[in-house]
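Fold and contact review
These are the residues of each chain, in order.
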Amino acid sequence: MQIAITRGVSAGIAACELTHVERQAIDLARARAQHRAYEEALARAGCRVESLPALDDLPDSVFVEDVAVVLDEIAIVTRPGAESRRPETSHIAPVLANHRRVSFIQAPGTLDGGDVLRLGRRIFVGQSGRSNESGIEQLRTVAWPYGYTVTAVPVSGCLHLKSAITEVAPGTVLVNPAWVNGTAFGHVSVIDIDSGEPYAANGLLAGGRLIYPESFPRTRQRLEAAGIVIEPVDVSELQKAEGAVTCCSLLFSDQSTS
Ligand code: CIR
């Protein structure tokens, strides 16, 4: 059984951080409806969804992926690169403590969970505007005793590593080659996004299917041609906040039943 931790959309989402995206009005009611549908997609994929209440004074707090990295053995609460997001961490730490021993990234380290791609025992971390050398080194120190390698990967043109690459089937990654070099990830099969859909590399693998935005039909065709089963979701309002599908959950195995 997989657990998916989510958090409701903040009433303050209009004040979200934006780096590569122009600010547009976000329809809060629609964003919340889309988020509920996303939670339903996780439940259909067999996840037990732990839905946390919205934090209205923290605009980006729906993007729970960024505040922690959850391994089978330990949870690491991050120190997000955007200062406005750091108070989110004190809200997630006690929740994760119900599931894992918790450790913390300390200053001067910064790390966003959106930069952390785990492929089995190999962890790749984007050298983005949000995650720095100290944050990456601290993650390495915590994870290596459990047998994980941690490799820093250059990424450019996008917010996070997982804007540019995600795992879409076991051993298969979906890549935007304009933002990250797909050969940096060792022995994996690589599917390139359609170049007309630059934000299309972010999909969320859950329960053997891929939760994937409706807005990338051409890349979706490539995924389906590779035999990947798609669970489509409309996340258009969350995309205006520079979010995607991995960023709205923390997905990990329930160790109490395994
Ligand atoms: C931010 O800039 O932090 C938010 N507006 C978007 C975060 C999206 N997170 C993710 O893709 N992991």
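**Looking at the state of the cysteines**
- Taken as a whole and assessed by the stated rule, the structure comprises zero disulfides.
- For Cys 158, which is in no disulfide, the shortest distance to another cysteine sulfur is to Cys 247 and amounts to 13 Å.
- Cys 248 carries a free sulfur, and the closest cysteine sulfur to it, the one in Cys 247, is 4.1 Å from it.

**Comments concerning helix H1 (residues 28–44)**
- When the terminal C-alpha atoms of H1 are compared, their 24 Å separation across 17 residues agrees well with the 24 Å that a helix rising 1.5 Å per residue should span.
- For H1, the N-terminal capping position is held by Asp 27, with its side-chain oxygen 3.2 Å away from the main-chain nitrogen of Ala 29.

**A few points about the site of the ligand**
- Near the ligand, the surroundings consist of 13 residues, among which Glu 17, Asp 60, Glu 65, Asp 66 and Ala 241 are the closest.
- Here a nitrogen atom of the ligand sits 2.7 Å away from a polar atom, N or O, in the main chain of Glu 17.
- Note that an oxygen atom of the ligand is positioned 2.9 Å from one of the side-chain N or O atoms of Arg 85.
- In the complex, 97% of the free accessible area of the ligand, which totals 340 Å², lies under the protein chains.
- Per-class residue counts for the shell around the ligand are four nonpolar, two polar and seven charged.

**Brief notes about the sheet that holds strand E11 (residues 189–192)**
- Spatial ordering of the open sheet is given by E9-E10-E11, a layout of three strands whose pairing is mixed. The two strands at the open ends of the sheet, each matched to only one other strand, are strand E9 (165–169) and E11. Put simply, the sheet's adjacent strands are angled 35° from each other on average, direction ignored.
- Bridge analysis of strand E10 (residues 172–175) against E11 gives four bridges, and the strand direction is parallel. Looking at E11, one finds that Thr 172 is bridged to Ser 189.

**As for the pairing of strand E13 (residues 209–213)**
- Burial analysis of E13 places four of its five residues in the buried class, which makes it a mostly covered element.
- By the bridge criterion, three bridges tie strand E12 (residues 204–206) to E13 in an arrangement that is antiparallel. Note on E13: the bridge partner recorded for Leu 205 is Leu 210.
- Following E12, the chain reverses through two residues before pairing antiparallel with E13; Gly 207 in that reversal takes a positive phi of roughly 55°.
- Where E13 lies against strand E14 (residues 230–233), four bridges are found, and the strand directions are parallel. Bridge pairing in E14 places Pro 213 opposite Val 233.

**Quick look at the side chain of Thr 166**
- In this fold, Thr 166 is placed in strand E9.
- At a separation of 2.6 Å, a polar atom in the side chain of Thr 166 contacts the main-chain carbonyl oxygen of Ala 201.
- Look past the residues within four positions of Thr 166 in its chain and what remains in contact with it is Leu 117, Thr 172, Val 173, Leu 174, Ala 201, Asn 202, Gly 203 and Thr 246.

**Quick notes on the environment of Arg 7**
- Mapped onto the elements, Arg 7 comes out in strand E1 (residues 2–7).
- A C-alpha to C-alpha distance of 17 Å links Arg 7 and Ala 75, two positions 68 residues apart in sequence.
- At 2.7 Å, the side chain of Arg 7 and the backbone oxygen of Pro 53 are in polar contact.

**A short note on the sheet that holds E12**
- As summarised here, the arrangement of the three strands in space is E12-E13-E14, forming an open sheet in which the pairing is mixed. Only two strands of the sheet have a single neighbouring strand rather than two, namely E12 and E14. When the angles between neighbouring strand axes are averaged without regard to direction, this sheet yields 30°.

Basis of the calculations
Residues numbered from 1 in each chain as written. Predicted model: local features only at pLDDT ≥ 70, side-chain atom pairs only at ≥ 80, totals over all residues. Heavy atoms only, no water. Disulfide = S-S within 2.5 Å. Helix = DSSP H or I, 4+ residues; strand = E, 2+ residues; numbered from the N terminus. Expected span 1.5 Å × (residues − 1). Polar contact = N/O pair within 3.5 Å; in protein donor to acceptor, adjacent residues only side chain to side chain. Near = heavy atom within 4 Å. Areas by Shrake-Rupley, 256 points an atom, 1.4 Å probe, with all protein chains shown as cover. Nonpolar A, V, L, I, M, F, W, Y, C, P; charged D, E, K, R; others polar. Pairing = 2+ DSSP bridges. Axes fitted to C-alpha atoms, helices over the stretch in contact; angles between N-to-C directions. Buried < 20%, exposed > 50% of the residue type's maximum accessible area, 1.4 Å probe, protein only. Contact = heavy atoms within 4.5 Å.

Any functional reading would require information beyond the geometric quantities listed.
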